[in-house]
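Chains, contacts and geometry: an overview
So the chains spell out like this:
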Amino acid sequence: WEVYSAGLVPKKIVHPYAIFVMKEIGIDISSQKPKAVDEKLLGQMDMVVTLCEESCPTPPVGINTYHWPIPDPAIFFTGIEPEIINGFRTIREMIKKEILELLKKEAQF
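Described in the following lines is the structure provided in the data block. Just so you know, these numbers come straight off a predicted model, no measurement behind them. (Residues numbered from 1 in each chain as written. Predicted model: local features only at pLDDT ≥ 70, side-chain atom pairs only at ≥ 80, totals over all residues. Heavy atoms only, no water.)

**Quick word on the side chain of Thr50**
For Thr50, the location among the structural elements is in strand β1 (residues 47–50). Separated by 2.6 Å, the side chains of Thr50 and His67 make a polar contact. Apart from the residues within four sequence positions on either side, Thr50 is in contact with Pro57, Tyr66, His67 and Trp68. (Helix = DSSP H or I, 4+ residues; strand = E, 2+ residues; numbered from the N terminus. Polar contact = N/O pair within 3.5 Å; in protein donor to acceptor, adjacent residues only side chain to side chain. Contact = heavy atoms within 4.5 Å.)

**Some points on the nonpolar core**
Counting nine residues, the largest nonpolar core consists of Tyr17, Ala18, Ile19, Val21, Met22, Ile29, Ile84, Ile85 and Phe88. Taken together, the elements giving at least two residues each to this core come down to α1 (16–24) and α3 (81–107). Broken down by element, the residue count for this core peaks at five residues, all from α1. Beyond its immediate sequence surroundings of up to four residues, Ile19 is in contact with Val14, Ile29 and Ser30. Met47, Tyr66, Trp68 and Leu102 belong to the second largest nonpolar core, which has six residues in total. (Core = buried A, V, L, I, M, F, W, Y, C linked by side-chain atoms within 4.5 Å. Buried < 20%, exposed > 50% of the residue type's maximum accessible area, 1.4 Å probe, protein only.)

In short, geometric facts, not functional conclusions.
This is how it looks when you write it as C-alpha cells:
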C-alpha cells in the first residue's frame, strides 16, 4: 500500500491540532505539507478514498472508490482548546475506524 493525501483546496500548513492528535497515537505528521490532488497520479491509483462532504474530486472511471463523509475538523474551531482538540480526536478516530474496516474488506479479496 502506498498512501497519498491531498485536497482540492489545500491549506498552507497541516493544522497544529492534527499534528498533536496524531502524535498522541505515535504517528508523526509534522513534516507533511498540504498538497493538491495530482490528476496524473490519481490516474495511476487502484483505489481512492474521499473524505469530503461538499466538493469531492471525481476519480477516473475504473478506480475502486470509497467515500467516507467525515466532517472537516474545522467545525470544531469554535470553543475552548480542550473541546477543539477533542473534536480533532473524534475525526481521527472516525478515520481510523474506516481504515480498519477497509483493510478488513480488502483482505477478503
